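In case you want the letters, here they are:
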Amino acid sequence: MQRQQSVYGLSLSYAAAAQLAADYEKNPAADPAVVAKLKPAFQTAHDQIKPLDEAAAKGDPLPEAAVEAAQDALDAARKLLPASK
């Protein structure tokens, strides 16, 4: 149950961070080099979180290593986001 809650929180965190990334990409002042790194980083996080979401929804087991890897991928993507001014 705790891992399901972790996955749910991870999914919410991903959604919020992905929205910030999308907003940044639309900003005319966005650094193209940062945007180029954001897309693949958030895609990687998405690709790791989505199957966990689906497994949690079905009540399937959630391997701790997979949850940690998804968290690490999201953390890495979030670190690329420029700090809000």
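Below is a short write-up of the structure. Remember, it's a predicted structure, so these values are computed and weren't measured experimentally. (Residues numbered from 1 in each chain as written. Predicted model: local features only at pLDDT ≥ 70, side-chain atom pairs only at ≥ 80, totals over all residues. Heavy atoms only, no water.)

Quick notes on the overall build of the chain
Of the regular secondary structure elements, the chain holds three helices and zero strands. Reading the helices (α) and strands (β) of the chain from amino to carboxyl end gives α-α-α. Overall, the chain is about 45 × 15 × 15 Å in size when its C-alpha atoms are taken along their principal axes. Going through the 85 residues of the chain one by one, you find that 28% of them count as buried. For the chain, contacts bridging at least 24 residues in sequence account for 72% of all contacts bridging at least 6. Between the mean site of the 9 positive side-chain charges and the mean site of the 11 negative ones, the chain shows a separation of 5 Å. (Helix = DSSP H or I, 4+ residues; strand = E, 2+ residues; numbered from the N terminus. Buried < 20%, exposed > 50% of the residue type's maximum accessible area, 1.4 Å probe, protein only. Contact = heavy atoms within 4.5 Å. Lys, Arg positive; Asp, Glu negative; His and termini not counted. Charge placed at Lys NZ, Arg CZ, Asp CG, Glu CD.)

Some words on the nonpolar core
Among the nonpolar cores identified, the biggest contains 24 residues, and Leu38, Phe42, Ile49, Leu62 and Leu74 are the most heavily contacted of them. If you list the elements that add at least two residues to this core, you get α1 (2-26), α2 (32-58) and α3 (64-80). Filtering out sequence-adjacent residues up to four positions away, Leu38 remains in contact with Ala21, Tyr24, Glu25, Ala77, Leu80 and Leu81. (Core = buried A, V, L, I, M, F, W, Y, C linked by side-chain atoms within 4.5 Å.)

A closer look at the packing of α2 against α3
For any two helices packed against each other, one specifies the inter-axial angle together with the distance between the axes. With their axes 8 Å apart at the nearest point, α2 and α3 run at an angle of 160° to one another. Considering the angle they form, α2 stands roughly antiparallel to α3. Taken as a pair, α2 and α3 cross one another with a handedness that is left-handed. Taking contact as the criterion, the partners of Val34, Lys37, Leu38, Ala41, Phe42, Thr44, Ala45, Gln48, Ile49 and Leu52 in α2 are, on α3, Ala66, Val67, Ala69, Ala70, Ala73, Leu74, Ala77, Arg78 and Leu80. Looking at the contact of α2 with α3, its residues break down into 15 nonpolar, two polar and two charged. (Axes fitted to C-alpha atoms, helices over the stretch in contact; angles between N-to-C directions. Parallel < 35°, antiparallel > 145°, perpendicular 65-115°, else oblique. Left-handed = near helix turned anticlockwise from the far one by under 90°. Nonpolar A, V, L, I, M, F, W, Y, C, P; charged D, E, K, R; others polar.)

Digging into α1
In this model α1 runs 36 Å from its N-terminal to its C-terminal C-alpha over 25 residues, within 8% of the 36 Å that 1.5 Å per residue would give. Residues of α1 that are buried include every one of Val7, Leu10, Tyr14, Ala17, Ala21 and Tyr24, and no others. On its buried face, α1 sits against α2 and α3. (Expected span 1.5 Å × (residues − 1).)

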